Amino acid sequence: MSSKIRILRDLSIVSYAVPRLDELISAWQQYLDYRLVGEGQVSPEMAAAWQTPAAIHLPSALLQPASGDNVYLRFIATGEQRGYESPATAGWTATEMLVEDPDALAGRLAGSPFRRLAGPGDLFPGPKAPRAMQVVGPCGELLYFTRILPGGSRYGMKQARSPVDRPFIVTISGTSTAAMTAFYGEQLGMRIMEPMPFINGILAHACGVPASTVFPTTVSPIPGRRFLIEMDECPPGLPDRPRQTGQLPPGMAMVSCEVDSLDEVGVAFVAPPVAIPATPYAGRRVAMVRGAAGEWLELIERREA
C-alpha cells in the first residue's frame, strides 16, 4: 500500500459497551438532546465482522446529535461496565464532542447523571482558544465537551451546530507513541503531527501517577477537517483492557470510520469483510482491524457492496 493513500475518511460511529441501556439513553436525551434513531440487537453479521459471537442478540441503541450530523453514538448492553476509573487500560479512552457553550452546559448538567471532572476552562491563552469541560457519563463514559470558535482551531475544525453536537476527536491510550503512529501513519497512510507534551490531570489520575506527569500527545487529522485521532502515550505498565471471550471490550469499545474501499486497506482484518444491512451500514461491507494499543477500529466501505 502506498503511504500516500489516506485510508480513513469520516468518523461514523463511537461504540460503548455498557451494563444497561434505558437510564443511559434517557440521560443522553434529556441532558444532551441526543435523539434515539435506532434500537435493535447485535446482528450475526456484526458479530461476524467483530469476531464477537458472545455479543449476538445483545440490545443496542443508536443515538444521533440534535444537529442531525451522521456521526452516531452506539451503546451495546453487555452487562459490563468499564469507564473512567483507575487503573487506566490501553485502547480507546475518551470521546471529545463539539458544544456551543460549555459553561451553559455545565449548569444544565448540575445534579444530572453526568459528573463533571474539570472545567470549563480555556485550553490555552487567547481570545479564540477552545474552551472545554471534562465529564463522566452515566455508565462511565469519559467525555470532553469542547467549544471551538471560528478560526480557533489549528486543524481547521468547525464549530458546533447544536448545543451538544457530534464527536470530533477520539482518544487512544497506549505506551508507545512510535507504535501508535506507525499504525496510523505507515499502515493506514494518515498524516501524523509532531508530538506535543501535555499535562493531563484526568489521565494522570486514571494512570495512578502524579498530576504533574507530562504525557506525549500526538494527533492524526482525518482528511476533511472534521475529525482527529489523538494518541496519548502513558507510562509503562498500562494494562490491556480485560474482556470476556467472544465479547466486546467494556467501556469505549470501538470506533468506526468510513473508507473508500476495503480493498485498499493494507492491514489484516480480524475476519473477512461482511455486508451489514442494519442502520447506518445500509448494506455496505464492514471489516475490523486492531491498532497498536489494542484499540478496535471498524472500517465501513463507502460504496455499497
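Given the structure is predicted, the values throughout are model-derived calculations rather than measurements. (Residues numbered from 1 in each chain as written. Predicted model: local features only at pLDDT ≥ 70, side-chain atom pairs only at ≥ 80, totals over all residues. Heavy atoms only, no water.)

Draft legend 1. Broad picture of the nonpolar core. If you look at the biggest cluster of nonpolar residues, it comprises 56 residues, and the most contacted ones within it are Leu 8, Trp 28, Phe 145, Tyr 184, Leu 188 and Leu 297. A total of six residues in this core trace back to one element, the largest contributor, which is helix α1 (residues 22–32). Residue contacts for Leu 8: discarding those within four places in its chain leaves Tyr 184, Leu 188, Met 190, Ile 222, Pro 223, Ile 229, Cys 257, Glu 258, Val 259, Leu 297 and Leu 299. Counting residues in each nonpolar core, the second largest holds 20 residues, with Ala 17, Ala 47, Leu 248 and Val 286 among its members. (Core = buried A, V, L, I, M, F, W, Y, C linked by side-chain atoms within 4.5 Å. Buried < 20%, exposed > 50% of the residue type's maximum accessible area, 1.4 Å probe, protein only. Helix = DSSP H or I, 4+ residues; strand = E, 2+ residues; numbered from the N terminus. Contact = heavy atoms within 4.5 Å.)

Draft legend 2. Local environment of the sheet that holds strand β8 (residues 142–147). The eight strands are arranged β6-β7-β8-β5-β9-β12-β11-β10 in an open sheet whose pairing can be described as mixed. Strands at the two margins of the open sheet, each flanked by one partner only, are β6 (115–122) and β10 (196–199). On average, each strand axis in the sheet is tilted by 30° relative to the strand beside it, whichever way the strands run. Sheet topology places strand β5 (residues 91–99) next to β8; four bridges connect them, and they run parallel. Each residue of the ladder has a partner; that of Leu 98, found in β8, is Thr 146. Contacting β5, β6, β7 (131–136), β8 and β9 (164–174), helix α3 (residues 102–109) crosses the sheet at an angle of about 25° to β7. (Pairing = 2+ DSSP bridges. Axes fitted to C-alpha atoms, helices over the stretch in contact; angles between N-to-C directions.)

Draft legend 3. Structural context of the packing of α1 against α3. Remark: α1 packs on α3, axes separated minimally by 10 Å, with the N-to-C direction vectors making an angle of 130°. The orientation of α1 with respect to α3, classified from their angle, is oblique. Crossing of α1 against α3: the hand is right-handed. Of α3, the residues touching α1 (which contributes Gln 30, Tyr 31 and Leu 32) are Leu 105, Arg 108 and Leu 109. Residues belonging to the contact of α1 with α3 are distributed by class as follows: four nonpolar, one polar and one charged. (Parallel < 35°, antiparallel > 145°, perpendicular 65-115°, else oblique. Left-handed = near helix turned anticlockwise from the far one by under 90°. Nonpolar A, V, L, I, M, F, W, Y, C, P; charged D, E, K, R; others polar.)

Draft legend 4. View of a positive patch on the surface. A surface patch of positive charge is lined by Arg 6, Arg 154, Lys 158, Arg 191 and Arg 225. Looking at the secondary structure, you find Arg 154 in the loop between β8 and β9. (Patch = residues over 30% accessible without salt bridge, like charges linked within 9 Å, V, L, I, M, F, W, Y side chains within 5 Å. Areas by Shrake-Rupley, 256 points an atom, 1.4 Å probe, with all protein chains shown as cover. Salt bridge = Lys/Arg side-chain N within 4 Å of Asp/Glu carboxyl O. Lys, Arg positive; Asp, Glu negative; His and termini not counted. Charge placed at Lys NZ, Arg CZ, Asp CG, Glu CD.)

Draft legend 5. Highlighting the packing of aromatic side chains. Enumeration according to the criterion identifies six aromatic pairs in this entry. Between Trp 28 and Tyr 34, the aromatic rings sit 5.3 Å apart at their centres with planes inclined by 75°, giving edge-to-face as the arrangement. For the pair Trp 28 and Tyr 34, a shared accessibility class is recorded, and that class is buried. (Phe/Tyr/Trp six-rings, centres within 6.5 Å; stacked < 30°, edge-to-face > 60°.)

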